[in-house]
Amino acid sequence: MISVFENRAPKVFFILGFLICFSLISVRVVGQVSPAVFACDATKDRKVVHYGFCNASLGRDARVADLVRRLTLQEKILNIVNGAGNISRLGIPKYEWWSEALHGVSNVGPGTNFSSLVPGATSFPQVILTAASFNTSLFEAIGKVVSTEARAMYNVGLAGLTFWSPNVNIFRDPRWGRGQETPGEDPLLSSKYGSSYVKGLQQTDDNADPSRLKVAACCKHYTAYDLDNWKGVDRYHFNAVVTQQDMDDTFDPPFKSCVIDGNVASVMCSYNQVNGKPTCADPHLLAGVIRGQWKLNGYIVSDCDSVEVFFDDQHYTKTPEQAAAKAILAGLDLNCGSFLGQHTAAAVKKGLLKESDIDNAITNNFATLMRLGFFDGDPRKQPYGKLGPKDVCTAENQELARDAARQGIVLLKNTAGSLPLSSAAIKTLAVIGPNANVTKTMIGNYEGIPCKYTTPLQGLTASVATKYLPGCSNVTCGNAQVKEAKKLAATADATVLVMGIDQSLERESFDRVDLRLPGQQPLLIKEVAKVAKGPVILVIMSGGGFDISFAKHNDKVTSILWVGYPGEAGGAAIADVIFGYYNPSGRLPMTWYPQSYLDKVPMTNMNMRPDPPKGYPGRTYRFYTGETIYSFGHGLSYSKFSHKIVKAPQTVSIPLDDDHVCRHSLDCNSVEAVEQLCKKSVTFDIHLRVQNKARHGGSHSVLLFVTPPSVHNSPRKHLIGFEKISLKGKSGTLMRFKVDVCKDLSVVDELGRRKIALGQYVLHVGNFKHTLSLRI
Ligand SMILES: *[C@@H]1O[C@H](CO)[C@@H](O)[C@H](O)[C@H]1NC(C)=O
Ligand SMILES: *[C@@H]1O[C@H](CO)[C@@H](O)[C@H](O)[C@H]1NC(C)=O
Ligand SMILES: *[C@@H]1O[C@H](CO)[C@@H](O)[C@H](O)[C@H]1NC(C)=O
Ligand SMILES: *[C@@H]1O[C@H](CO)[C@@H](O)[C@H](O)[C@H]1NC(C)=O
Ligand SMILES: *[C@@H]1O[C@H](CO)[C@@H](O)[C@H](O)[C@H]1NC(C)=O
Ligand SMILES: *[C@@H]1O[C@H](CO)[C@@H](O)[C@H](O)[C@H]1NC(C)=O
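Read on for an overview of the structure. All values reported here derive from a predicted model rather than from experimental measurement.

**Considerations on the packing of helix α4 (residues 136-155) against helix α5 (residues 187-202)**
Here's step 1: Interhelical geometry of α4 versus α5 gives an angle of 35° and a closest axis separation of 7 Å. Crossing geometry of α4 relative to α5 is assigned as right-handed. Contact residues: α4 offers Thr136, Phe139, Glu140, Ile142, Gly143, Lys144, Val146 and Ser147, while α5 offers Leu189, Lys192, Tyr193, Ser196, Tyr197, Lys199, Gly200 and Leu201.
Here's step 2: Of the residues contributing to the contact of α4 with α5, the split by class is seven nonpolar, five polar and four charged.

Okay, structure coming up:
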């Protein structure tokens, strides 16, 4: 860690020789040594100006090739692991590739630390809540703030430039301990989240050089990774058996969008196997799909110790050298861990791979650092060079963290007369629950150190007088303070119960086995509700959803809010919603299932589609038709919005070549969405009228779903577009969605081919439905 002493405001020492008789004494200006890690520092080593890779007037490819050419095999191998070694003879310092920035700059990876110079960074809500905002501008705005704070920390030697975020795995099963890190269960929302957040992290304002990176993002964990540790099955040993159809329409889309739409600089392969092959050793997935089909411009990194895991735990190869060779030949460029550092030289010696294979890997790694300016000398003289501690935790950044939480919070239930509470009418508010005054719980995992915290209690107390009782000693709630809680609620004008869970019950390496609120939480809620004098507001803080049917159907529980893990300003945002300073607009990014769902669905069954003969109900709103506690997209407002499709075609015709079989056959229920058909890009517009019928103004996310004709086991319904709008009270607006038949309406068939189904489609917005028919 860099000491504070060295990092005070830049000092300039002048050694002045000004006596005439000492005319040969040179006048030197010694700037403070830059604490940031970078190569090609001419002030340390004059030789670097002669190296092609340090020469900014050459093209990046030529510079990278020049560097690779200069390295010995040993030096090359230093650069395929996250703790990359220095190459002192060429003026290249060591570099730590592993930093994290899931929802704010984090110190979970070794590449980033806080110090008294930068004691904290803005901590945004955990991703699952941000996703609930359904606001792509927000996703990007957060990314932009995070990359600004990251650059500021890099400049003072506290952070790297390569961040292994976001996590865009589909939240397939409600038990997953890492579901909180993801944008939820829907492929479109996850794709938009991933590409928008990546753009926010990576994009510079420099139009002249669009491939330059502000920081490098990484979409992880490729692929079909969404089980950590469930009833003894862990991610290091799990073989995810995935159909080609599920792969193509569920697991792949967010990664594809990261690479193609977001231009992400990195993809991380996962621990698990997919169909019998470890993802980090699968040439089809890495070299084939990510680099070949999607054309990743960047590097492929393993999850931390994935290579060691497939050797040691999965016994996928006989020798460690074979494991090293398999990974690199599959297309892996960088190993988080030290396995490749230890075994690659021997693998080359044994003839299992060629030195040129390693050249490919380091070329991708160095090219990424090159785009980050790592080889351009002093970062203080580059774009973003002026950023420093003053740019971290600014009032504006922290306000965005509060706004993000507000935009995501979901109002699940609201009885007339319950919310919003009038702060003027409330003399005392009872605030009860194990999460009512928590700090760290609010920032979830892959967290940093926040600028400051506003707990729910603090947020509420800023508006009204409160009486607080934790109610349980922690979220496990073995023994609730029922009597004391009842006493408070019976006399207070309103009661807010802040319940839910934390990382002790859902986290990395720990999946849930139960969807009910833990311990005596339900008892506490029911007993308090029975005697409460005023409205009872149940606030659930969690990543995953719950079976809270007992509260949903209890008239005395007058409102329910889900607040995710709402970030450093979560308590302020909760108060903003409760007192109506902000009109809630979040919508659930995942289905809330009943407890009974777990009996029918082993977490290890990857199938998205139902299998009725086996009693398997399928997963997510796209396939599951059974009972839900709250469904995907559910979310109330203090306003009342209505939707109407005012213009949309009744029929859409797709052009087919004269010799297409379907022109002469009545049996065709779908046509292949092949390039020549989709090149013509058949599109149509849907015009919607959205009306806010209430006095209250507010934001509203409009979700456009389609039910395709039922062929090829297609989803019963899927999201094809969404947009968050803001409407004043008693006002309306017209919206337009452009629908591309190939991109938006096509489905994936059993073999993974994109098809356009022929027949009746139903478009849904809110309760409004419109039928259109697609013909040849
Ligand atoms: C950098 O590259 C340019 C373009 O090839 C060349 O003209 C120049 O001499 C190089 N600079 C040095 C210091 O070698
Ligand atoms: C890395 O730096 C150390 C200490 O300066 C030095 O001893 C070592 O030789 C360097 N390694 C390489 C590969 O340059
Ligand atoms: C962060 O701290 C760790 C452990 O003290 C240290 O190894 C690492 O070099 C530090 N990284 C930075 C960027 O300061
Ligand atoms: C609430 O939490 C804050 C932050 O940890 C703490 O300072 C405060 O004392 C707590 N309030 C109560 C009433 O326990
Ligand atoms: C929760 O509280 C109980 C009872 O005080 C204690 O036994 C348990 O260890 C606590 N759990 C955690 C995660 O702190
Ligand atoms: C979406 O987020 C942006 C960025 O925070 C914000 O300015 C905008 O108001 C939000 N949109 C709506 C409709 O709430």
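**A short note on the site of ligand 2**
Here's step 1: Lining the immediate environment of ligand 2, one finds Leu78, Asn86, Ile87 and Ser88.
Here's step 2: The contact in question runs from an oxygen atom of ligand 2 to an N or O atom on the backbone of Ser88, over 2.9 Å.
Here's step 3: Protein contacts shield 36% of the accessible area of ligand 2, which totals 360 Å² for the unbound molecule.
Here's step 4: Partitioning the shell around ligand 2 into residue classes produces two nonpolar, two polar and no charged.

**Let's talk about the layout of surface pockets**
Unfilled space is identified by rolling a water-sized probe across the atoms.
Here's step 1: Empty space within the second largest pocket amounts to approximately 850 Å³.
Here's step 2: If you go around the second largest pocket, you meet 33 residues; those closest to its centre are Arg587, Gly633, Gly635, Gly766 and Asn767.
Here's step 3: No other element matches the five residues that strand β23 (residues 698-707) contributes to the lining of the second largest pocket.
Here's step 4: Tallied by class, the residues present in the lining of the second largest pocket amount to nine nonpolar, 19 polar and five charged.
Here's step 5: Structurally, the lining of the second largest pocket is a two-domain feature, drawing no fewer than three residues from each of domain 3 (405-614) and domain 4 (640-775).

**Some points on the packing of aromatic side chains**
Here's step 1: One pass over the full model with this rule turns up 27 aromatic pairs.
Here's step 2: Judged by centre distance (5.4 Å) and plane angle (85°), the ring pair of Phe134 and Phe722 falls under edge-to-face. With Phe134 in the loop between α3 (127-131) and α4 and Phe722 in strand β24 (residues 718-727), the pair connects residues that are 588 residues apart, well separated along the chain. For the pair Phe134 and Phe722, a shared accessibility class is recorded, and that class is buried.
Here's step 3: Centre to centre, the rings of Tyr593 and Tyr597 are 3.9 Å apart; their planes meet at 20°, and the pair counts as stacked.
Here's step 4: Using a relative accessible area of 3% as the deciding quantity, one classes Tyr593 as buried.
Here's step 5: Ring pairing ties together the aromatic residues Tyr51, Phe53, Tyr95, Trp97, Tyr299, Phe366, Phe374 and Phe375, which thus form one cluster.
Here's step 6: We note Arg507 situated over the ring of Phe510; from NZ or CZ to the ring centre the distance is 4.3 Å.
Here's step 7: Across the ring face of Phe546, the terminal group of Arg512 is positioned such that the distance to the ring centre comes to 4.8 Å.

**Details of the pattern of salt bridges**
Here's step 1: By the definition in use, this model includes 37 salt bridges.
Here's step 2: Across the pair Glu355 and Lys76 runs a salt bridge, and its minimum N-O distance is 2.7 Å. In this pair, Glu355 is assigned in helix α12 (residues 355-371) and Lys76 in helix α2 (residues 73-77), connecting sequence segments 279 residues apart.
Here's step 3: Between Arg380 and Asp378 there is a salt bridge whose closest N-O contact spans 2.9 Å.
Here's step 4: Residue classification places Arg380 among the partly exposed positions, given a relative accessible area of 27%.
Here's step 5: Under the relative-accessibility criterion, Asp378 is labelled buried at 16%.

**So, the site of ligand 1**
Here's step 1: Close contacts around ligand 1 come from Val49, Asn55, Ser57 and Leu58, and that covers them all.
Here's step 2: Residue Asn55 places a side-chain N or O atom 2.3 Å away from an oxygen atom belonging to ligand 1.
Here's step 3: Protein contact buries 37% of the 360 Å² of open area that ligand 1 shows by itself.
Here's step 4: Across the shell around ligand 1, the residue classes tally to two nonpolar, two polar and no charged.

**Points about the packing of α4 against helix α13 (residues 395-408)**
Here's step 1: At their nearest, the axes of α4 and α13 sit 11 Å apart, and the two run at 150° to each other. Viewed along their axes, α4 and α13 adopt a mutual orientation that is roughly antiparallel. The way α4 lies across α13 gives a crossing that is left-handed. In contact with Leu138, Ala141, Ile142, Val145 and Glu149 of α4, α13 contributes Asn397, Leu400, Ala404 and Gln407.
Here's step 2: A per-class count over the contact of α4 with α13 returns six nonpolar, two polar and one charged.

**Some thoughts on empty space enclosed by the protein**
Here's step 1: Per the counting criterion, the structure on display carries two cavities of 30 Å³ or more.
Here's step 2: By volume, the largest cavity is sized at about 50 Å³.
Here's step 3: Looking at the largest cavity, the residues that line it are Asn79, Ala84, Gly85, Ile92, Pro93, Lys94, Tyr95, Trp97, Phe366 and Leu369.
Here's step 4: In terms of residue class, the lining of the largest cavity is made up of seven nonpolar, two polar and one charged.
Here's step 5: Of the pockets and cavities examined, the second largest cavity occupies roughly 40 Å³.
Here's step 6: Taken together, His103, Gly104, Val105, Ala121, Thr122, Ser123, Tyr446, Glu447, Gly448, Ile449 and Pro450 make up the lining of the second largest cavity.
Here's step 7: Across the lining of the second largest cavity, the residue classes tally to five nonpolar, five polar and one charged.
Here's step 8: Residue-level mapping places the lining of the second largest cavity at the junction of two domains, with at least three residues from each of domain 2 (46-391) and domain 3 (405-614).

**What about the sheet that holds strand β17 (residues 536-541)?**
Here's step 1: Read across the open sheet, the six strands follow the order β13-β18-β17-β16-β14-β15; overall the sheet is mixed. Edge positions in the sheet fall to β13 (410-414) and β15 (466-469), since each has one partner strand and no second. For this sheet, the mean angle separating the axes of adjacent strands, direction not counted, is 15°.
Here's step 2: In the packing of helix α18 (residues 570-578) onto the sheet, the strands contacted are β16 (494-500), β17 and β18 (559-562), and the crossing angle to β17 comes to about 145°.

**As for the state of the cysteines**
Here's step 1: Per the stated rule, a full pass over the model turns up eight disulfides.
Here's step 2: Sulfur-sulfur distance for the disulfide between Cys40 and Cys54 comes to 2.0 Å. A torsion of -80° about the S-S bond marks the disulfide between Cys40 and Cys54 as left-handed. Within this pair, whereas Cys40 is found in the loop between β2 (28-30) and α1 (60-70), its partner Cys54 is found in the loop between β2 and α1, the two being separated by 14 residues in sequence. When sorted by exposure, Cys40 lands in the same class as Cys54, which is buried.
Here's step 3: Residue Cys269 pairs covalently with Cys280 via a disulfide, S to S 2.0 Å. Here the disulfide of Cys269 and Cys280 is right-handed, its torsion about the S-S bond being about 110°. With a gap of eleven residues between them, Cys269 in strand β9 (residues 266-269) and Cys280 in the loop between β11 (277-278) and α8 (284-293) connect regions that are remote in the sequence. The exposure classification of Cys269 matches that of Cys280, with both residues buried.

Scoring rules and cut-offs
- Along each chain, numbering runs from 1 in the same order as the chain's sequence is written.
- Written order decides the labels, with chains lettered from A and ligands numbered from 1.
- In keeping with the model being predicted, local features are shown solely for residues with a pLDDT of at least 70 and side-chain atom pairs are shown and tallied solely at 80 or more, while totals for entire chains, interfaces and linings include all residues.
- Note that water and hydrogens are dropped before the side-chain values are worked out from all heavy atoms of the structure.
- Axes, fitted as lines to C-alpha atoms, cover a helix only where it is in contact. Angles between the N-to-C directions of the axes lie from 0 to 180 degrees.
- Strands here mean DSSP runs of E at least two residues long; helices mean DSSP runs of H or I at least four residues long; both are numbered from the N terminus.
- Left-handed is the label given to a crossing in which the near helix is rotated counterclockwise from the far helix by less than a right angle, and right-handed is the label when the rotation is clockwise.
- The contact criterion used is simple: two residues touch if any of their non-hydrogen atoms lie within 4.5 Å.
- All amino acids are sorted into three groups, where Ala, Val, Leu, Ile, Met, Phe, Trp, Tyr, Cys and Pro are nonpolar, Asp, Glu, Lys and Arg are charged, and the leftover types, Gly among them, are polar.
- One heavy atom within 4 Å of a molecule or strand makes the whole residue count as near it.
- Each polar contact in these results corresponds to two N or O atoms within 3.5 Å; when the atoms are within protein, one needs to be able to donate a hydrogen and the other to accept it, and residues that are neighboring in sequence are counted only if both atoms are side-chain atoms.
- Using the Shrake-Rupley algorithm and a 1.4 Å probe, accessible areas are obtained, with residue cover drawn only from the displayed protein chains.
- Put simply, the grid is 1 Å and covers the protein atoms alone, a cavity is a trapped set of points that fit a 1.4 Å probe, a pocket is an open set with protein on both sides within 12 Å along at least five of seven lines, and lining residues have an atom within 4 Å of a point.
- Grid points are joined across faces, edges and corners, and a volume is the space filled by probe spheres set on the points.
- Domain boundaries shown here were taken from an automatic or database domain assignment.
- In this analysis, rings of Phe, Tyr and Trp, with Trp reduced to its six-membered ring, are considered paired at centre separations within 6.5 Å, and the interplanar angle assigns stacked below 30 degrees, edge-to-face beyond 60, and tilted for intermediate values.
- Per-residue accessibility, obtained with a 1.4 Å probe over protein chains only, is compared with the maximum for each type, and a residue is labelled buried under 20%, exposed over 50%, and partly exposed between these values.
- To sit over a ring, a charge needs its Lys NZ or Arg CZ within 6 Å of the ring centre and within 35 degrees of the ring normal.
- Definition used for salt bridges: Asp or Glu carboxyl oxygen within 4 Å of a side-chain nitrogen of Lys or Arg.
- Just so you know how the angles are binned, under 35 degrees is roughly parallel, over 145 roughly antiparallel, 65 to 115 roughly perpendicular, and the rest oblique.
- By the convention used here, strands pair only if DSSP detects at least 2 bridges between them.
- Any two cysteine sulfur atoms within 2.5 Å of one another count as a disulfide.

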